[in-house]
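The residues making up each chain are set out below.
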Amino acid sequence: MIGTKRIRLTPVAEGGSVTQLELFFDLVLVFAFTMVTDLAAEETSAKNMLRAFLVLAVMWWLWIAYSWLGNVIRADEGFARVAMFVAMGGAFLAALSIPEAFHDLEGGWNGSLVFAIAYLIVRSVQVVMFWLASAEDPQLRSQVLRWAVGSLAIGTTLLVIATMASGTTQIGLWIAAIAGDYLWTLFAGSDWRLNSVTHFAERYGLIVIVALGESIVSIGIGVAGLPISWPIALGSMLGLAITGLLWWAYFDGAALSMEHELRQAEGAEQIKLATRSYTFWHFPMIVGIIGLSLGLKKVLYYVSGASQHTLKDALYGIPLFALYGGVVLFLIGLIGANHYATRTIGVARVITVAVLLALVPLAATLPALASMIILCATLGALITWETIQSAQPRYRTTPRTTETTGAAGIT
């Protein structure tokens, strides 16, 4: 036990798994991801895409804070349970105010300020809980203090200041807040604690599933209330297949090899691996999935018959780049995370990224549904190849000290 009888915190045991309360907390992220997709879909301009990206980066960092905290103390025991519910309330308020994160709507509170203050509350709760959790650990206490001073001063303060600005200045303050917070965390030290590798790897696997689930929700929302037809059925099944193939790419080997290497590492090297492979390299995967969600939503809008578009119309511009670029970004994140952990490069995945980028001009000339078929077929070919190649040496990993390459990055 950590703390007094009044404020009891239970350390996470080695081999501990994700608690039910943490899964409950992630439901807020499901809603937040949906709100980010809706924000991106409001206006398909580069400026609006940047805004959606920045909001997603903040919500990701919010979640990251509790992925590390939940690995030090059990989220569902003692005072930590109360703190988690307070943080969940703040996160939900932030998610509710995402549509007003940059533009305050008439009436009610200042939406931009609500977003910033809600984020500040969530981050402050995390700092307080880490401070309490490190009461008997001077090394962790020093790390928390060193990190919190810069992180709160840069990230949360600049977001609050941004509520008083507009246009390019506001976006610049957001970028400075996020970049400053990320970089400060990267260089603030590696004296954190990782009590359970099982919990940590499972936590990140679950957030990938949460994001993939949001992409499926986007498909459903896009055609909700419309009579079922063969274009809707085919488009929905293709969208489901694409998300399923991304699930396969992550969990069928890559996730296991990263967890294996994380388990083998020790001390500061383990913390660096957890920070780089999971905290940072998983973010492009989440961004990619949200981009894919936008693309899938637009394709279903095209083929549903509820718009001025017909089945012969091609997907173009930002929706097309979101569809293909989302998958590309997911694969790049997966390649990077797996490479940092295992020092291997998935050659087949690199080739797939190059092929998908080369296919974008062709997809822009084809009907939207055809572009989905090509994307699905390309991913299907990758997964088929990797499954065949890894049939025998399945789930074996390569030590981080060696440099090798393989079809799936797992040898």
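Quick summary incoming for the structure in this document. These numbers come from a predicted model, not from an experiment.

Criteria and cut-off values
Residues numbered from 1 in each chain as written. Predicted model: local features only at pLDDT ≥ 70, side-chain atom pairs only at ≥ 80, totals over all residues. Heavy atoms only, no water. Helix = DSSP H or I, 4+ residues; strand = E, 2+ residues; numbered from the N terminus. Buried < 20%, exposed > 50% of the residue type's maximum accessible area, 1.4 Å probe, protein only. Polar contact = N/O pair within 3.5 Å; in protein donor to acceptor, adjacent residues only side chain to side chain. Core = buried A, V, L, I, M, F, W, Y, C linked by side-chain atoms within 4.5 Å. Contact = heavy atoms within 4.5 Å. Phe/Tyr/Trp six-rings, centres within 6.5 Å; stacked < 30°, edge-to-face > 60°. Lys NZ or Arg CZ within 6 Å of the ring centre and 35° of its normal. 1 Å grid on protein atoms, 1.4 Å probe; cavity = no way out; pocket = protein on both sides within 12 Å on 5 of 7 lines; lining within 4 Å. Points joined across faces, edges and corners; volume = space filled by probe spheres on them. Nonpolar A, V, L, I, M, F, W, Y, C, P; charged D, E, K, R; others polar.

What follows concerns the side chain of Ser 257. Here Ser 257 is to be found in helix α9 (residues 254-264). Residue classification places Ser 257 among the buried positions, given a relative accessible area of 2%. Side-chain polar atoms of Ser 257 contact the backbone oxygen of Ala 254, separated by 2.9 Å.

A few words now on unusual backbone geometry. The backbone of Arg 343 sits at a positive phi, close to 60 degrees, despite the residue not being glycine. With respect to the secondary-structure elements, Arg 343 resides in the loop between α12 (317-342) and β1 (344-346). Residue Arg 343 is classed as partly exposed on the basis of its relative accessible area, which comes to 22%.

With that settled, the discussion passes to the nonpolar core. Taken as a class, soluble globular proteins show a tendency for nonpolar side chains to be buried jointly. Ranked by internal contacts, the top residues of the largest apolar core, which has 138 residues, are Val 55, Trp 60, Trp 68, Ile 98 and Trp 174. Broken down by element, this core gets its largest block of residues, 18 residues, from helix α2 (residues 46-72). Not counting chain neighbours up to four residues away, the residues in contact with Ile 98 comprise Ala 32, Met 35, Val 36, Leu 39, Val 55, Met 59 and Phe 115.

The tally for this structure, following the rule as stated, stands at 23 aromatic pairs. Consider the rings of Trp 63 and Tyr 204, whose centres lie 5.0 Å apart with planes at 85 degrees: the pair is edge-to-face. Here the residue Trp 63 occupies a position in helix α2, and Tyr 204 occupies one in helix α7 (residues 197-223), the gap between them amounting to 141 residues. Tyr 204 matches Trp 63 in its accessibility class, with the two residues each being buried. Ring centres of Trp 147 and Trp 192 lie 5.5 Å apart, and the angle between their planes is 75 degrees; on these two criteria the pair is classed as edge-to-face. Placement of the pair is Trp 147 in helix α5 (residues 138-162) and Trp 192 in the loop between α6 (167-187) and α7, with a sequence separation of 45 residues. Of the two residues, Trp 147 and Trp 192, neither departs from the other in class, the shared state being buried. A cation over a ring is seen here: Arg 141 above Trp 131, with NZ or CZ 3.7 Å from the ring centre.

Here we come to the layout of surface pockets. Vacant regions in the atomic arrangement are exposed by a probe of water-molecule size rolled over the atoms. The space that makes up the largest pocket amounts to roughly 390 Å³. Surrounding the largest pocket, 19 residues form its lining, Met 49, Phe 53, Val 287, Gly 291 and Leu 329 being those nearest its centre. If you list the elements that add at least two residues to the lining of the largest pocket, you get α1 (20-42), α2, α11 (282-303) and α12. A total of seven residues in the lining of the largest pocket trace back to one element, the largest contributor, which is α11. Residue classes in the lining of the largest pocket are distributed as 15 nonpolar, four polar and no charged. The space that makes up the second largest pocket amounts to roughly 240 Å³. Around the second largest pocket, the lining is made up of 19 residues, and of these Trp 68, Trp 147, Thr 185, Trp 192 and Thr 275 lie nearest the centre. Elements with a contribution of two residues or more to the lining of the second largest pocket: α2, α4 (111-133), α6 and α10 (267-280).

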